[in-house]
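# Fold and geometry: a report
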Amino acid sequence: MRDFLPADKARRERVLAVIRRRYRAHGFDEIETPVMEEYARLHAGMGGDNEKLSFSILKRGMDAEAIRAAADDPAALADLGLRYDLTVPLARFYATNRAQLPTVFRAIQMAPVWRAERPQKGRYRQFVQCDIDIIGDASARAEAELMTASLDVLDALGLEGGIVRVNDRRVLDAMLDVFGFAPDERPGVLITIDKLDKIAADGVIAELRDRGATATAVDSLAAYLARPSADAAGFDAAGIRAALPAGIPDEIVDHLVALGDTVAAARGAEAPLRFDPFLVRGMGYYTGTIFELAHPSVDYSLGGGGRYDGMIGRFLGQDAPAVGFSIGFERIVDLLQDADDSGERSLVLVHDRDVPLARLLQIKAALVADGVRVRLEQRPKNMKALLERSSADGYTAFATVGSDSTVASLDIKPLG
């Protein structure tokens, strides 16, 4: 968990403002949910490995004897926990408030979440997620709206050239069936396949053999991985088929093609989508399309999501189609580390001790009314240090104020 200095906080708020503004422009409405959810809900098998990283909250009123008696049962010790993502709270929110929501509900959530990560570079125990979700639309239009809005966010932040890597959980299931993997071994096989970009094809095959996966199925997968690459194929029926083994149902391919056509129409150009038959994503609640947001400037994803049609029904008692996309806010802020795109006029007024307070506040009030951000600073011995600190805090100019100064007479000079 981190502290943020003023300049860092200002940059984060500027990025959040852009994301919020672009998502709202695409018809999404912002909601807010509590930072805590019931323990049982957070550990209902929907959060994958994130459930193991959940911060639990000790039940109130337990004495030492009761704590000792429950020491081996986390569910007996805790009845609440800090949310580890925004999707589980959204499912509960929708089930609770459905009667007051539109048939197709488009939600924005921008808020911190908590995970008990091991401290390391790029892994935080508290971080911000920026999610958009559509509940109530089972068509490819929902995925296309999410992708279009998220690509629009990258463009608005000055990160043009983003693409979306796309797959479908049904494609993965069908591929493993074609290769001959038994149903009970497929979750473990997918965990290994998800390492493809880290350990390459030879490493995946070796690990599967070590795991004792069905030998003939591993042989089939090895032959498939050794085929000529189809990465350059287009996001159309021919390109998607070229990247897949024979035997994948037509309806799955048709869904992906419709998605590509819809995004292309929305963007007014060729859809910036890339089909990746080995994109897995680890969340166990995904049931259909899955995707990740990529940018050529980095080798890691800037967001992702997928369709999770089965989750809402656990709270609602009846199925409701749902799909979501989460922007990697922390990663994007890091990419924009040196950007100063606030467009804000800001000024430090440096004054001597003998300048009347009334005059200082009069000048400041006039500048603030004109849309300028103003900070008052008494002249120090080390003027250079003051100006350097002011620049680091995001101020762009300074002026000195004397006893007879007016707004019109200020000699405004740039900082830096």
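Above this text is the structure in question.
A short tour of the structure in this document, coming up. (Residues numbered from 1 in each chain as written. Predicted model: local features only at pLDDT ≥ 70, side-chain atom pairs only at ≥ 80, totals over all residues. Heavy atoms only, no water.)

### Let's talk about the environment of Asp 168
Along the chain, the position of Asp 168 falls in strand E7 (residues 163-168). Through-space distance from the C-alpha of Asp 168 to that of Leu 279 is 8.2 Å; in sequence the pair is 111 residues apart. Excluding its chain neighbours within four sequence positions, the residues that come into contact with Asp 168 are Ile 252, His 255, Gly 288, Thr 289 and Ile 290. There is a polar contact of 2.8 Å between the side chain of Asp 168 and the backbone nitrogen of Arg 170. (Helix = DSSP H or I, 4+ residues; strand = E, 2+ residues; numbered from the N terminus. Contact = heavy atoms within 4.5 Å. Polar contact = N/O pair within 3.5 Å; in protein donor to acceptor, adjacent residues only side chain to side chain.)

### With respect to helix H6 (residues 140-156)
Compared with an ideal rise of 1.5 Å per residue, which puts 17 residues at 24 Å, H6 spans 24 Å between its outermost C-alpha atoms and is within 8% of the ideal. With 14 of its 17 residues buried, H6 lies for the most part within the structure. After H6 finishes, the residue Gly 158 shows a positive phi value of roughly 85°. (Expected span 1.5 Å × (residues − 1). Buried < 20%, exposed > 50% of the residue type's maximum accessible area, 1.4 Å probe, protein only.)

### Here's the deal with unusual backbone geometry
What is expected of a backbone is that most residues other than glycine have negative phi and most peptide bonds are trans. In this model, Ala 200 sits at a positive phi of 65°, which is unusual for a non-glycine residue. Its location among the elements puts Ala 200 in helix H9 (residues 196-211). By relative accessible area, which is 41% here, Ala 200 ends up partly exposed.

### Quick word on the nonpolar core
Formed by 92 residues in total, the largest nonpolar core has its most connected members in Ile 19, Phe 181 and Leu 221. Per element, the largest residue contribution to this core is nine residues, and it comes from H6. Other than its neighbours up to four places away in sequence, Phe 181 contacts Leu 176, Arg 186, Val 189, Leu 208, Ala 213, Thr 214, Ala 217, Val 218 and Leu 221. One finds Leu 347, Leu 349, Val 374 and Leu 410 within the second-largest nonpolar core, a separate group that totals 12 residues. (Core = buried A, V, L, I, M, F, W, Y, C linked by side-chain atoms within 4.5 Å.)

### Focus: the sheet that holds strand E4 (residues 78-82)
Reading across from one edge, E2-E4-E3 is the order of the three strands in this open sheet, with antiparallel pairing throughout. The open sheet has two free edges, formed respectively by strand E2 (36-38) and strand E3 (56-58), since each of these has just one partner strand. Looking at each pair of strands side by side, their axes are set apart by 40° on average, direction ignored. (Pairing = 2+ DSSP bridges. Axes fitted to C-alpha atoms, helices over the stretch in contact; angles between N-to-C directions.)

### Side note on the environment of Leu 244
For Leu 244, the position within the fold is in the loop between helix H11 (237-242) and helix H12 (250-267). The exposure class of Leu 244 is buried, given its relative accessible area of 8%. Residues Leu 244 and Leu 16, spaced 228 residues apart in sequence, show a C-alpha to C-alpha distance of 39 Å. Not counting chain neighbours up to four residues away, the residues in contact with Leu 244 comprise Val 171, Met 175, Tyr 224, Val 253, Phe 275 and Pro 277.

### Observations regarding helix H10 (residues 215-225)
Along H10, the residues that are buried comprise Ala 217, Val 218, Leu 221, Tyr 224 and Leu 225. Within H10, the buried residues cover an arc of 120° as seen down the axis, which keeps them to one side. Away from its buried face by more than 90 degrees, H10 exposes Thr 216 and Ala 223. Buried residues belonging to H10 abut helix H7 (169-179), helix H8 (186-193) and H9. (Arc of directions from axis to C-beta.)

### Observations concerning the pattern of salt bridges
Once their charged atoms are close, side chains differing in charge can pair, the charge on each being opposite to the other. Under the criterion given, the structure shown has 31 salt bridges. In this structure, the salt-bridge partner of Arg 379 is Asp 352, at a minimum N-O distance of 2.8 Å. In this pair, Arg 379 is assigned in the loop between strand E13 (373-378) and helix H16 (383-392) and Asp 352 in the loop between strand E12 (346-351) and helix H15 (357-369), connecting sequence segments 27 residues apart. Among the salt bridges present, the one from Arg 389 reaches Glu 377, with a minimum N-O distance of 3.2 Å. With Arg 389 in helix H16 and Glu 377 in strand E13, the pair connects residues that are 12 residues apart, well separated along the chain. Arg 389 gets classed as partly exposed once you look at its relative accessible area, which sits at 41%. Taking the relative accessible area as the measure of exposure, Glu 377 reaches 16% and is therefore buried. Via salt bridges that share partners, Glu 37, Glu 38, Arg 41 and Arg 92 belong to a single interconnected network. (Salt bridge = Lys/Arg side-chain N within 4 Å of Asp/Glu carboxyl O.)

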